[in-house]
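# Descriptive structure summary
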Amino acid sequence: MQKPLRINTDQIIKILLLSSGTILALFLWQGHIGFSLRDEGFLWYGAQRVMLGEVPVRDFMSYDPGRYYWSATFMSLWGDNGIVALRAAVAIFQAIGLFIGLVLLARNSAKLSLTWMLLVESTLLVWMFPSHKLFDITLSIMLVGVLAFLIESPSIYRYFLAGMVVGLVAVFGRNHGVYGVLGGFGVMGYLAVRRESNAGLMEAFASWVVGVVIGYLPMLVLIAVVPDFTAAFWESILFVFEIKTVGLPIPVPWPWLVPFGKVTLVEALRAVLVGSFFIAIVAYSVLGIAWAVRQRIKNNHVSPVFVASAFMALPYVHCAFARADVAHLAQGVFPFLIGVFTLLASQHGKIRWFAGVLLCSASLLVMLTRYPGWQCYLSHRCIEVDVGMDKLKIDQRTANDLALLNKLAERFAPSGRSFIAAPFWPGAYAALERKSPMWEIYPLIPRSQAFQLAEIERIKVANSGFAIILDLTLDGREDLYFRNTHPMIEQYIRDNFEPLSGYTENPTYQIYISKMIPQ
């Protein structure tokens with residue numbers, strides 16, 4: 001592989017304009033299209049509550065705090081707590097990730113070609129989905145970038161910087177921090193191969209550790225200063241060990257499991273490609289590390305970006321397989337994509353272009369139809385509705401759900417009174433700008449009796465006007481119905497609220513009103 005190309009300031013500016021301009025165009029296209037009361041609503045609610053002074057993890061169920069403070073900072077500057085403002089804040093973070101990815105790949109090209117960079121950009125961009133997970137995707141690119149920077153010219157300063165990025169990444173997502181630590185250990189082991197002496201190894205490692213601590217300082221400050229945050233933080237960690245998983249696993253969609261004959265040709269091809277990507281990221285990580293280490297032993301030069309991507313691809317296999325759907329595949333695929341394009345940059349023109357176009361086409365086929373803008377364009381069935389203070393074009397079902405929530409709130413929870421929406425609608429609280437009466441705004445996992453009793457006490461204090469329970473489950477699992485994951489809370493609602501009919505014909509929507517409200 002050729003050594004990294006030194007790109008000048010003008011070229012960096014061009015890449016910055018290309019990446020930021022593309023993200024802006026994408027935002028203008030679909031920043032006002034689509035909405036999910038589920039996962040996107042989960043992030044939106046947290047950003048709103050941080051704007052009001054609440055603390056993630058302590059005051060409400062959340063990801064790690066970094067993404068909320070990032071979002072809330074921009075939303076506060078704009079004076080807007082709406083979903084579009086949140087998407088704009090996330091898009092800025094996305095632009096950073098795309099910029100880093102393009103710079104990494106531009107430096108591994110023999111010469112900069114606008115056409116090739118557009119192909120690379122299109123491939124990376126189409127995998128940047130869903131919008132509420134763009135933080136996670138950008139974090140993976142950052143880790144590849146800083147490790148490539150370290151490998152290119154190891155020094156105490158670069159070890160420190162690599163550690164600092166790992167620590168900062170962990171503020172946004174502890175799982176990414178763990179991935180960064182694992183990838184960092186792998187790279188440090190790689191750099192130790194054929195080292196003439198062990199002198200400086202401990203100093204380099206110590207510098208990396210100090211960097212991790214410095215990068216993680218925002219969390220350490222929260223732990224040290226914010227009352228009750230430490231207990232909530234440790235409880236969130238212990239809960240992962242208690243349930244022995246970081247997500248709700250589903251079977252891997254291997255390509256040989258595609259039900260040919262029962263789906264259309266396009267659907268079958270798309271399913272085969274999805275399964276093939278799951279295989280590819282595993283194969284790339286294992287073979288890439290083995291090949292890079294072998295070349296290191298032979299004292300042959302290997303692209304730092306390739307080495308960094310290979311060592312980061314392996315930890316991110318866990319991210320993709322934690323819940324083996326396309327959304328999680330997208331979060332784990334970027335080290336693989338960066339590594340493959342690094343390999344292609346060293347190939348002859350025809351091979352490079354054939355493989356590049358093939359990878360881009362496969363990516364578009366898998367991902368493009370999942371974009372809300374594309375879905376609305378094809379269906380012509382999206383309707384414009386008010387979501388908070390913004391106007392969005394969304395599907396009819398979500399529009400009906402929002403209309404139902406607004407109608408119930410106007411009648412049974414006026415003047416900012418709280419309500420209960422469980423287990424799938426954390427975005428309901430954000431859309432109506434209400435505080436959830438429960439800490440667990442997305443109650444999908446079975447909880448202990450002690451936890452449920454604490455939630456019931458919060459519900460009592462909140463004096464909710466109504467409750468809407470979706471009698472649905474994930475993945476067809478009987479044990480994940482709300483009545484089975486939170487039986488004590490459901491019984492409390494049945495005992496203290498009265499069933500209400502006439503507001504929806506959907507039998508899975510169980511609506512109750514407080515017995516304190518005159519009918």
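Scroll up a little and you will see the structure.
Scoring rules and cut-offs
- Residues numbered from 1 in each chain as written.
- Predicted model: local features only at pLDDT ≥ 70, side-chain atom pairs only at ≥ 80, totals over all residues.
- Heavy atoms only, no water.
- Axes fitted to C-alpha atoms, helices over the stretch in contact; angles between N-to-C directions.
- Helix = DSSP H or I, 4+ residues; strand = E, 2+ residues; numbered from the N terminus.
- Left-handed = near helix turned anticlockwise from the far one by under 90°.
- Contact = heavy atoms within 4.5 Å.
- Nonpolar A, V, L, I, M, F, W, Y, C, P; charged D, E, K, R; others polar.
- Parallel < 35°, antiparallel > 145°, perpendicular 65-115°, else oblique.
- Disulfide = S-S within 2.5 Å.
- Buried < 20%, exposed > 50% of the residue type's maximum accessible area, 1.4 Å probe, protein only.
- Pairing = 2+ DSSP bridges.
- Polar contact = N/O pair within 3.5 Å; in protein donor to acceptor, adjacent residues only side chain to side chain.
- Salt bridge = Lys/Arg side-chain N within 4 Å of Asp/Glu carboxyl O.
- Patch = residues over 30% accessible without salt bridge, like charges linked within 9 Å, V, L, I, M, F, W, Y side chains within 5 Å.
- Areas by Shrake-Rupley, 256 points an atom, 1.4 Å probe, with all protein chains shown as cover.

What follows deals with the packing of helix H12 (residues 265-297) against helix H16 (residues 349-367). One way to put it is that H12 packs onto H16 with a least axis distance of 9 Å and a crossing angle of 115°. In the crossing of H12 with H16, the sense of the turn from one axis to the other is left-handed. Each of Val266, Leu269, Arg270, Leu273, Val274 and Phe277 in H12 lies in contact with H16, whose residues at this interface are Leu359, Ala362, Ser363, Leu365 and Val366. Residues that form the contact of H12 with H16 fall into these classes: 9 nonpolar, 1 polar and 1 charged.

For the pair helix H4 (residues 83-106) and helix H5 (residues 114-126), interaxial distance at closest approach is 11 Å and the crossing angle is 140°. Judged by the inter-axis angle, H4 sits oblique to H5. The interaxial crossing formed by H4 with H5 has right-handed handedness. In this structure, H4 uses Gln94, Leu98, Gly101, Leu102, Leu105 and Ala106 to contact H5, whose residues at the interface are Met117, Val120, Glu121, Leu124 and Leu125. In the contact of H4 with H5, the residues fall into 8 nonpolar, 2 polar and 1 charged.

Counted by the stated rule, this structure contains 1 disulfide. Linked covalently through their sulfurs, Cys376 and Cys382 form a disulfide whose S-S length is 1.9 Å. Between Cys376 and Cys382 the disulfide shows an S-S torsion of about -80°. By sign, it is left-handed. By relative accessible area, which is 21% here, Cys382 ends up partly exposed.

Attention now moves to the sheet that holds strand E4 (residues 466-470). With mixed pairing, the 4 strands of this open sheet are ordered in space as E3-E4-E6-E5. Single-partner strands in this sheet number two, and they are strand E3 (420-422) and strand E5 (497-499). Looking at each pair of strands side by side, their axes are set apart by 20° on average, direction ignored. Relative to strand E6 (residues 509-514), E4 runs antiparallel, the two sharing 5 bridges. Counted as the bridge partner of Ala467 is Tyr512 from E6.

A word on the pairing of strand E1 (residues 383-387). Bridge analysis of E1 against strand E2 (residues 390-394) gives 5 bridges, and the strand direction is antiparallel. When the bridges of E2 are listed, Ile383 appears paired with Ile394. Between the antiparallel neighbours E1 and E2 lie 2 residues, among them Gly388 with a positive phi of about 65°.

What follows covers the side chain of Ser236. In this structure, Ser236 sits in helix H11 (residues 229-243). Reaching out from Ser236, the side chain makes a polar contact with the backbone oxygen of Phe233 at a distance of 2.5 Å. Dropping the residues within four chain positions of it, Ser236 is found in contact with Val57 and Arg174.

So, on to the pattern of salt bridges. Oppositely charged side chains may form a pair once their charged atoms are brought near each other. If you walk through the whole model with that rule in mind, you get 18 salt bridges. Among the ionic pairs, Asp59 bridges to Arg58, the shortest N-O distance being 2.9 Å. Residue Asp59 is classed as partly exposed on the basis of its relative accessible area of 23%. Between Arg483 and Asp471 there is a salt bridge, and its shortest N-O distance comes to 2.4 Å. Of the two residues, Arg483 sits in helix H21 (residues 482-485) while Asp471 sits in the loop between E4 and H21, which places them 12 residues apart along the sequence. Judged by its relative accessible area of 31%, Arg483 is partly exposed. A relative accessible area of 23% means that Asp471 is categorised as partly exposed.

Attention now moves to the side chain of Thr123. With respect to the helices and strands, the residue Thr123 is situated in helix H5. Excluding its chain neighbours within four sequence positions, the residues that come into contact with Thr123 are Leu337, Phe341, Leu359, Cys360 and Ser363.

The subject of this paragraph is a nonpolar patch on the surface. Residues Phe185, Met202, Phe205, Val209, Val210, Val213, Ile214, Leu217, Leu220, Val221 and Val225 make up a contiguous nonpolar surface patch of roughly 910 Å² in combined accessible area. Counting residues per element, the ones that place at least two in the nonpolar patch are helix H9 (201-215) and helix H10 (217-225). Here the nonpolar patch gets 6 residues from one element, more than from any other, and that element is H9. Mapping Val209 onto the fold places it in helix H9. Take Val209: its relative accessible area is 31%, and that puts it in the partly exposed class.

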